[in-house]
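# Fold and contact review
Listed below are the residues making up each chain.
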Amino acid sequence: MDRYKHKSKLDLIEEIVALRQELDLVKRHAALLEQDAQAYKHSSLIIDKSPVVLFRRLAAEKLNERKMVYVSKNIFRFGYTADDFMSNRIMFRDIVHPDDTERTKKEIQDYVRKDIESYKQIYRIVTRDGEARWIEDHTSVVTDPETGVKYHQGIVEDIHQRKEAEDKLRSSEEKYRRIIETTGEGFLMMDKDLTIVDLNNAYCRMSKTSRQELIGRNFIEIVSEKHRPYISANRDDLFKRHNYEFESELMSGSGASVQVLIQGNTLYGDTGTIIGNMAFVTDMTEHKKALRLAGEVQKNLLPQKAPQVPGIEIFGKTISCDEIGGDYYDFIIRSGTSKNQLSVVVGDISGHGVDSALLMTTARAFLRMRASQPGSITEIVSAMNRHLAEDVFDTGKFMTLFYLTVDPNRKSIEWVRAGHEPAWLYDPNENCFEELKGPGLALGVVKDYEYSSNQRSHLKKGQVIIVGTDGIWEGHNKAGEMFGKQRLQALTRTYASSNAETIVNAIFNEHRHFTQDAKKEDDLTMVIIKIT
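Positions within a chain are numbered from 1, following the residues in the order the chain's sequence is written. For this predicted model, a pLDDT threshold of at least 70 governs which residues receive local features, and a threshold of 80 or more governs which side-chain atom pairs are given and counted, while totals over whole chains, interfaces and linings are taken from all residues. By convention in this description, side-chain values take in all heavy atoms of the structure and omit both hydrogens and water.

## Topic: the overall build of the chain
Spelled out, the test is: Segments assigned H or I by DSSP are reported as helices when at least four residues long, segments assigned E as strands when at least two residues long, and all are numbered from the N terminus. When accessible area is computed with a 1.4 Å probe and restricted to protein chains, residues below 20% of their type maximum are described as buried, those above 50% as exposed, and intermediate ones as partly exposed. Throughout, a residue-residue contact means that at least one pair of heavy atoms, one from each residue, lies within 4.5 Å. Each accessible area value is a Shrake-Rupley result obtained with a 1.4 Å probe; residue values ignore everything except the protein chains displayed when judging cover. The sign given to each residue is positive for Lys and Arg and negative for Asp and Glu; His and the chain ends receive no count. Charged groups are reduced to one reference atom each: NZ for lysine, CZ for arginine, CG for aspartic acid, CD for glutamic acid.
What the chain contains, in helices and strands, is 14 helices and 20 strands. Across its three principal directions, the C-alpha atoms of the chain cover 155 × 65 × 50 Å. Looking at the chain as a whole, 42% of its 532 residues qualify as buried. Across the chain, contacts joining residues at least 24 apart in sequence account for 57% of those joining residues at least 6 apart. Summing over all exposed atoms, the chain offers an accessible surface of approximately 29,400 Å²; the carbon and sulfur share of this is 52%. Between the averaged position of the 74 positive side-chain charges in the chain and that of its 80 negative side-chain charges there is a distance of 1 Å.

## Comments concerning the packing of aromatic side chains
To be explicit about the condition: A pair of aromatic rings is counted whenever rings of Phe, Tyr or Trp (Trp by its six-membered ring) have centres within 6.5 Å, and the orientation is called stacked for planes under 30 degrees apart, edge-to-face for over 60 and tilted otherwise. Only Lys NZ and Arg CZ are tested; either one counts as a charge over a ring when it is within 6 Å of the ring centre and within 35 degrees of the ring normal.
What the rule picks out here adds up to 13 aromatic pairs. Ring geometry for Y111 versus Y119: centroids 4.5 Å apart, planes at 15 degrees, classification stacked. By relative accessible area, Y119 is classed as buried at 9%. Arranged with centres 5.4 Å apart and planes meeting at 70 degrees, the rings of F239 and Y244 form a pair that is edge-to-face. Take F239: its relative accessible area is 3%, and that puts it in the buried class. With a relative accessible area of 4%, Y244 lands in the buried category. One aromatic cluster is present, formed by F219, F239, Y244 and F246 through successive ring pairs. For R56, the ring lying beneath its charged end belongs to Y151, and the centroid distance is 4.1 Å. In this arrangement the basic side chain of K163 is found over the ring face of W134, its NZ or CZ atom lying 4.3 Å from the centre.

## Quick notes on the pattern of salt bridges
Here is the rule we go by: Here a salt bridge means any side-chain nitrogen of Lys or Arg lying within 4 Å of a carboxyl oxygen belonging to Asp or Glu.
In this structure the tally under the stated criterion is 28 salt bridges. Note that R162 and E166 form a salt bridge whose closest N and O atoms lie 3.5 Å from each other. Placement of the pair is R162 and E166 together in helix α4 (residues 160–182), with a separation of 4 residues, close to one helical turn. On the basis of relative accessibility, which here comes to 38%, the residue R162 falls in the partly exposed class. The exposure class of E166 is partly exposed, given its relative accessible area of 32%.

## Side note on the sheet that holds strand β3 (residues 118–126)
Worth spelling out the cut-off: When DSSP locates at least two bridges between a pair of strands, those strands are taken to pair. Between N-to-C directions, angles cover 0 to 180 degrees, with each direction set by a line fitted to C-alpha atoms, over the stretch in contact for helices.
Across the sheet, 5 strands lie side by side as β2-β1-β5-β4-β3; this open sheet has antiparallel pairing. A strand with exactly one partner marks an edge of an open sheet, and here the two such strands are β2 (68–71) and β3. Neighbouring strand axes in the sheet, compared pairwise and without regard to direction, differ in orientation by 25 degrees on average. By the bridge criterion, 3 bridges tie strand β1 (residues 52–58) to β2 in an arrangement that is antiparallel. For R57, the partnering residue across the bridge sits in β2 and is M68. Along the sheet, helix α3 (residues 98–113) makes contact with β3 and β4 (132–143), crossing β3 at roughly 170 degrees. In this fold α4 packs onto β3, β4 and β5 (150–158), with an angle of close to 120 degrees to the strand it touches most, β4.

## Details of the pairing of strand β20 (residues 524–531)
The element β20 is extensively covered by neighbouring structure, given that 8 of its 8 residues are classed as buried. Going residue by residue along β20, you find L524, M526, I528 and K530 tucked away on one face and T525, V527, I529 and I531 tucked away on the opposite face as well. One ladder, built from 8 bridges, connects strand β11 (residues 312–319) with β20; its direction is antiparallel. Residue pairing in the sheet places F315 in a bridge with I528 of β20. When strand β19 (residues 464–468) meets β20, the two strands line up antiparallel, connected through 5 bridges. Bridge pairing in β20 links I465 to I529.

## Considerations on the side chain of R364
In this structure, R364 sits in helix α10 (residues 354–371). The side chain of R364 is buried and forms no salt bridge, while D330, the nearest opposite charge, is found at 4.2 Å.

## Observations concerning the packing of helix α9 (residues 285–301) against α10
Where we set the bar: By definition in this entry, angles of less than 35 degrees are roughly parallel, angles greater than 145 are roughly antiparallel, angles of 65 to 115 are roughly perpendicular, and the rest are oblique. It is the rotation of the near helix from the far one that decides the hand of a crossing: anticlockwise by less than a right angle makes it left-handed, clockwise makes it right-handed. Under the scheme applied, nonpolar residues are Ala, Val, Leu, Ile, Met, Phe, Trp, Tyr, Cys and Pro; charged residues are Asp, Glu, Lys and Arg; polar residues are all the others, including Gly.
Look at α9 against α10: their axes get within 11 Å of each other, and the N-to-C directions meet at 25 degrees. Between α9 and α10, the crossing angle belongs to the class labelled roughly parallel. The interaxial crossing formed by α9 with α10 has left-handed handedness. Where α9 approaches α10, its residues L291, Q298 and L301 are matched on the opposing element by V354, A357, M360, T361 and R364. Classifying every residue of the contact of α9 with α10 gives 5 nonpolar, 2 polar and 1 charged.

The structure is reproduced here in structure tokens:
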């Protein structure tokens, strides 16, 4: 206290102020140190939980002098402690996987020779438990500005899960490529705009076009000119379904068209948006040749010309939706009946294609054989039903049939309806349509079913009988609108004064114009009988 005796109050006040300022400065430094300590603590927590290990080691030329001066504590994720390396009990090179040691050593030598001071290496290390794990090592050469000492420092990241995922993806891609390249079918991978992004060698062989010529082209560009309008008009319907299948023609490198079957899938991303399409393309050339030959044989089984029967005029026509079909019509003049009596048969096998065509051929053969024998038309149809039931019972197939006999001398008709749509009798004088109805199951459903006939007399000149299959009125356009029975009847009214052939052709022409680019789903058959 004696040293303050000789100081004035002013001197004491100045000294107190100076001490307070010094104390404030110390407090501020202490606060900053606390902040740094907290930041270091948080950084340590982040690093400890991070898959990235930080390191710094001396960049000595001799391997045994490359000592670690820092390793982050999260090295424990590999079963080691930072002290293992800081105390030189373990050198980092000691934990590199034996199969990767020489490679990593050579890579580092190359970096040094090329004077590259920042580089990345991917290799395996062995954990303390003996497990091999993939890591990504980012190393940089730095110099301490104060001491001039060089260090290797950087990060080591655990990428084991990523590497395993990459290996699995690579394996899947190799498997995918092996499957695609070994399949005999052509394969196309397209983006959402139908631009080709990948294909296999089988497609190149099929189309006689190189991979380079096809990559980047739009699918619609390689469709034949005949099929291009249909594909363009129905693009959304064809390619935006999860699974799709359709036939088309594609252009080959030689300019010829190749008939193909396309079976594909629309590809969706995680958000449900379309990201592309992939399709297998089957060359149908030989298959189509065989079907066309079968179709020609089938057509030869149909009446080649209409019979000439006094008092009536008749014409029939059928168009299959495929090369061969399941619709059938026939004209039969039975022995033992009036010379002018004519039987007209129109049938429709369920489904269409090869199996339906074969069943139709069998039905035609049996019907003609049975019709050549004595018996009424109900007996003929009942016998045919028993025969078909034995053949198709286990297949689920059946046949609808309309069997009509016209007697122009008596101006009468008799018919049996076996599950088929009723025929119509149109009277132009009365401008009315009469349905030729009647009971009767489809053929092949109940073996012992007995059919009954129906009659109509007093036919008049100019009346028109229309017998057809449902493919005509159930045909639809792209908008989904059906052709319909009313449209068919309206055409019959319009052309009733024309001959039978003109009426049939007018209906088929209008049907083709109405359906346009819509795919035909069923066969079309019609017979017109005109009373003269």
